[in-house]
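Overview (structure and organization)
What follows is each chain in one-letter form.
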Amino acid sequence: MKIFIDTANIEMIEEINSWGILDGVTTNPSLIAKEKTDLKTCVKRISEIVDGPISAEAISMTAPEMIKEGRELSKIHDNINVKLPMCVEALKATKVLSSEGIDVNMTLIFSPHQALLASKAGARFVSPFVGRLDDIGQSGSEALAQIVGAFRNYDTGTEIIAASIRHPMHVLEAALLGADIATIPYDILKKMVSHPKTDEGIRSFLADYEKSKK
Ligand code: E4P
């Protein structure tokens, strides 16, 4: 499973990229707003750090505007893909943008039906929001499982990004289900590294080594 980071924070991206495990980055308007920057400056800077897909979300709401905005965003760097929110206008825009070789990440996917339509329109990525489904008492993993299961029957060319990840178990579920990618917030990536028994083991190995020198 590929690992993306879900943030627009440059320091966090630099740090996780330095671990050697980062395959790409997703941003959204809320994440960009938190960094008090603008989308173009931010994704351009990210493209100088990470060699992999970077999602930049359009804020237009009609197909012609999405197409225009998508074309502009895609010019920032070859690795930029255009994130569009699932709706009829976005399907129309996806058809056009994908036919021009511009990758689309269809976001705010909450059902297998939406994922199938996005893929059919030519989306390179679909982003089911696992955590936001859990938030309203529905099963995010079940929706993800249905999408992975349905896509497995066909050669769709669309990659599934498990998004809205809230804790390390969501990452594990995504991997066990066979999602292509998980886009993971910084604090969850940090949690994934640690285990109390690893810390204890390091401490005792070092202590034993020190003792052996005496
Ligand atoms: C995905 O690309 C989105 O940016 C993100 O995963 C949304 O997560 P949230 O539900 O924690 O806002």
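As shown above, the structure is provided for reference.
A few points on the structure. Note that the structure is predicted; figures quoted are calculated from it, not measured. (Residues numbered from 1 in each chain as written. Predicted model: local features only at pLDDT ≥ 70, side-chain atom pairs only at ≥ 80, totals over all residues. Heavy atoms only, no water.)

Looking only at helices and strands, one finds 11 helices and 8 strands in the protein. Judged by the C-alpha coordinates and their principal axes, the protein covers about 75 × 35 × 30 Å. Counting across all 214 residues of the protein, residues that qualify as buried make up 48%. Long-range pairs, those at least 24 residues apart, make up 56% of the contacts in the protein between residues at least 6 apart in sequence. Split by element, the accessible area of the protein, about 11,000 Å² in all, is 56% carbon and sulfur. (Helix = DSSP H or I, 4+ residues; strand = E, 2+ residues; numbered from the N terminus. Buried < 20%, exposed > 50% of the residue type's maximum accessible area, 1.4 Å probe, protein only. Contact = heavy atoms within 4.5 Å. Areas by Shrake-Rupley, 256 points an atom, 1.4 Å probe, with all protein chains shown as cover.)

The environment of the ligand is formed by Asp6, Thr26, Asn28, Lys83, Phe129, Arg132, Ala163, Ser164 and Arg166. Here an oxygen atom of the ligand and a side-chain polar atom of Ser164 are 2.7 Å apart. Surface burial for the ligand is 86%, taken as the share of its 340 Å² of free accessible area covered by protein chains. For the shell around the ligand, the per-class residue count stands at 2 nonpolar, 3 polar and 4 charged. (Near = heavy atom within 4 Å. Polar contact = N/O pair within 3.5 Å; in protein donor to acceptor, adjacent residues only side chain to side chain. Nonpolar A, V, L, I, M, F, W, Y, C, P; charged D, E, K, R; others polar.)

Next up on the list: the pattern of salt bridges. Following the criterion strictly, the structure yields 16 salt bridges and no others. Between Glu89 and Lys92 there is a salt bridge, with its nearest N and O atoms 2.8 Å apart. With a gap of 3 residues between them, Glu89 and Lys92 both fall in helix α5 (residues 88-99), about one helical turn apart. Judged by its relative accessible area of 45%, Lys92 is partly exposed. Note that Arg166 is salt-bridged to Asp135, the shortest N-O span being 2.6 Å. (Salt bridge = Lys/Arg side-chain N within 4 Å of Asp/Glu carboxyl O.)

Moving on, we get to the sheet that holds strand β1 (residues 2-6). If you walk around this closed barrel you meet the 8 strands as β1-β2-β3-β4-β5-β6-β7-β8, and the pairing is parallel. Neighbour-to-neighbour, the strand axes of this sheet turn through a mean angle of 30°, independent of strand direction. With 4 bridges connecting them, strand β3 (residues 54-57) and strand β4 (residues 80-85) associate as parallel partners. Note that in β4 the partner of Ser55 across the bridge is Asn81. (Pairing = 2+ DSSP bridges. Axes fitted to C-alpha atoms, helices over the stretch in contact; angles between N-to-C directions.)

The terminal C-alpha atoms of helix α8 (residues 140-152) lie 18 Å apart, and with 13 residues this matches the ideal 18 Å at 1.5 Å per residue to within 8%. Turning to α8, its buried residues number three or more, namely Gly140, Ser141, Ala143, Leu144, Ile147, Val148, Ala150 and Phe151. Of the surrounding secondary structure, the elements contacted by the buried residues of α8 are β5 (104-109), α6 (112-121), β6 (125-128), α7 (130-135), β7 (159-162) and α9 (168-177). (Expected span 1.5 Å × (residues − 1).)

The final tally for this structure, using the stated rule, is 2 aromatic pairs. Ring centres of Phe4 and Phe125 lie 6.4 Å apart, and the angle between their planes is 70°; this geometry places the pair in the edge-to-face category. One end of the pair, Phe4, is in strand β1; the other, Phe125, is in strand β6, with 121 residues separating them in the sequence. When sorted by exposure, Phe4 lands in the same class as Phe125, which is buried. (Phe/Tyr/Trp six-rings, centres within 6.5 Å; stacked < 30°, edge-to-face > 60°.)

Where helix α1 (residues 10-18) meets helix α3 (residues 39-49), the axes come as close as 10 Å, and the angle between the chain directions of the two elements is 15°. In this view, α1 runs roughly parallel relative to α3, as classed from their interaxial angle. Crossing angle aside, the handedness with which α1 passes α3 is right-handed. Side by side, α1 and α3 meet where Ile10, Ile13, Glu14 and Asn17 of the first sit next to Cys42, Arg45, Ile46 and Ile49 of the second. Tallied by class, the residues present in the contact of α1 with α3 amount to 5 nonpolar, 1 polar and 2 charged. (Parallel < 35°, antiparallel > 145°, perpendicular 65-115°, else oblique. Left-handed = near helix turned anticlockwise from the far one by under 90°.)

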